[in-house]
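Overview (structure and organization)
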Amino acid sequence: MFDKFHEECGVVGVFGHPEAATLAYLSLYALQHRGQESAGIVASNGEALISHRGMGLVADIFDEDILARLQGRLAIGHNRYSTSGSTVLKNCQPFVVEWAQGALAIAHNGNLVNAGELRSKLEARGSIFQSTVDSEVIVHLIAASTEATLVGRITDALSQVRGAYSLVFLTEDRVIATRDPYGFRPLVMGRVGETVVVASETCALDLVDAVYEREVEPGEIVVISDKGVESVRPFPPAVRHNCVFEYIYFARPDSRVFGRNVYEVRKDLGRQLAREAPADADIVIPVPDSGLPAAIGYAEQAGLPFEMGLIRNHYVGRTFIEPTNSIRHFGVKVKLNALREVLNGRRVVVVDDSIVRGTTSRKLVHMIRQAGAREVHMRISSPPTTHPCFYGIDTPTREELIASSHDVSSIRDYLGADSLAYLSVEGMYAFTGRQGNGFCDACFTGNYPVPVEESPHRQLHLFEARDR
C-alpha cells in the first residue's frame, strides 16, 4: 500500500430508471478510488428492498445475473475502504433494516464524533446494538424518534449527531440524500433525462451520462420520489468546512468538487508551490498518479521540463506474494519503477501531494538516486500533515505522522533528499482568494471544527445487513 491517507467510501443513489441497479453499479465503478475493500447495492422494486454486497472491487462483485436480480427503479450503492476492524462481509454497506414503518437501507460516507456517547444513551434506554458502527446509531435514533414522518425522524436523528456525513437512504418508494451542516464530504446531484442521480463525485455522473445540476447543500435533506425532488432545510446555517484534502488527494482529477474542478485546483497548488519553493534543477517529475497535476503546475510556473521519471504499474492486484528481504524496497517497486533514461545525471524535482509516515517517500528517493539522479529535491503540494482526521478519513495516529514530531530539515534527512519543501497553509488557499474560509484543514493545523469526543483514532465498524 502507498503511504497515503485513505477515503472511507463513496455513495450513490438512483431514482426513476428501469435499470437503477446498473446505473448504481456504473457509478460505483467511477467511485472505486474512494474505497476498494467492499461494495454493495440495494434496489427497490416498489414492494421490497433487494440487496447484494461483497468483498473486493466493484467489477469482481457484480455480474449481469446479479444486476438482473436487483430489479427496480430505485437503488443506492456504496464502496468502502475499511478502517479499524476486520475486513469481512458483515462490514459492507449499504445495510438494510426492518422496522415498524417498513424497510430502510442506508449508506454513509463520513464519521460521527459523538457516536459513543449516543450509543451509551440508547443502550441505557434499551436499544440492542449488533455492532459499533456509527451508522447504526443513526438507524436507532430514527427508530426511536416520535416524529410522524420518515423525513421528520431523519431530521430528529441527525439533529443529535455531530461530525461528518453524506448519507443516502432508500425505502420502497423514495431515495433520500443529505449532508451534514458543515459539508465535510462531497455529494452532488444530476439527471439522465427524468432519472435523478446523487453521488459522491461528478465523475460518477459523467459515466452514466447524467448532467450535473448542483451540490446537495450542507444541512439539506433531498427527498426524491414520484412527486419530484423536494428540498428540506431543517438545520440552521453553519460555516462550511469542506475537506480540503478532497482537492489535494482524494477526489478524481476529472471531478467537480465543492464547485471547482479538481485537476485545475491541483495545478494551481503546484504553481503556488513553485512560487514558494523554487529549486535549481533540470526536470520536474510527479509521483504518479496523484502528484501529476501539481507537478504539471510546478513545471509550468518554474519553466522547467516536465518528465515522467517514475512509471506506475496499474495492474497490481490487491494481494501479492512478497519475496524475502533480499529484494530491497519491493513494496514500492511493485507499483513504481524509476526511468533511468530520464533521471540519469539530472537534478530532479519530485512533486507529491503529501507525506504521511514518510516510509514510501524515503524509498522513492533511494530509487531515484539508484537510477542516476544527481540531486533529488522533494516538493509537497500540501502543508505538513500533523494531525489525524476524525471526519471520515482513515489516518494513522498522530504519533505515526512524521511531521507531528519532526521538523522539515529532519524529515529531509530521513528521506535522503537534497532539499524538501511543503506548500504553506496560506499558499494552499491561494486558489480560493479567501485564506481558507469554508474549508477543514485539521490534518494540517489541528483546528478541529467539530470537537472530537471519541478516543483518538477510533473508527467505528459496520454491522451486518440482511441479503435477500
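The structure contained in this document is the topic of the report that follows. (Residues numbered from 1 in each chain as written. Predicted model: local features only at pLDDT ≥ 70, side-chain atom pairs only at ≥ 80, totals over all residues. Heavy atoms only, no water.)

Some details on a nonpolar patch on the surface
A grouping of Phe306, Met308 and Ile311 is seen on the molecular surface, where their side chains present a nonpolar patch of about 220 Å² in accessible area. What makes Met308 partly exposed here is its relative accessible area of 31%. (Patch = residues over 30% accessible without salt bridge, like charges linked within 9 Å, V, L, I, M, F, W, Y side chains within 5 Å. Areas by Shrake-Rupley, 256 points an atom, 1.4 Å probe, with all protein chains shown as cover. Salt bridge = Lys/Arg side-chain N within 4 Å of Asp/Glu carboxyl O. Buried < 20%, exposed > 50% of the residue type's maximum accessible area, 1.4 Å probe, protein only.)

Focus on unusual backbone geometry
The omega torsion of the bond from Gln93 to Pro94 falls at -5°, within 30 degrees of zero and hence cis. Residue Asp289 follows Pro288 across a cis peptide bond; omega there is 0°. One can find Asp289 in the loop between strand E18 (283–286) and helix H10 (292–302). Positive phi, close to 60°, is recorded for Asp209, a residue that is not glycine. By secondary structure assignment, the location of Asp209 is in the loop between helix H7 (202–207) and strand E12 (211–215). Judged by relative accessible area, Asp209 falls into the exposed class, the value being 61%. (Helix = DSSP H or I, 4+ residues; strand = E, 2+ residues; numbered from the N terminus.)

Describing the sheet that holds strand E21 (residues 347–352)
Reading across from one edge, E18-E21-E22-E24 is the order of the four strands in this open sheet, with parallel pairing throughout. Two strands close off the open sheet at either side, each with one partner strand: E18 and strand E24 (419–422). On average, each strand axis in the sheet is tilted by 20° relative to the strand beside it, whichever way the strands run. As paired elements, E18 and E21 share four bridges and run parallel to each other. In the sheet register, Ile285 faces E21, and the bridge partner there is Val350. Across the face of the sheet, H10 comes into contact with E18, E21 and strand E22 (375–380) while running at roughly 165° to E18. Strand contacts of helix H14 (residues 408–415): E22 and E24, with the helix running at about 130° to E24, the strand carrying the most contacts. (Pairing = 2+ DSSP bridges. Axes fitted to C-alpha atoms, helices over the stretch in contact; angles between N-to-C directions. Contact = heavy atoms within 4.5 Å.)

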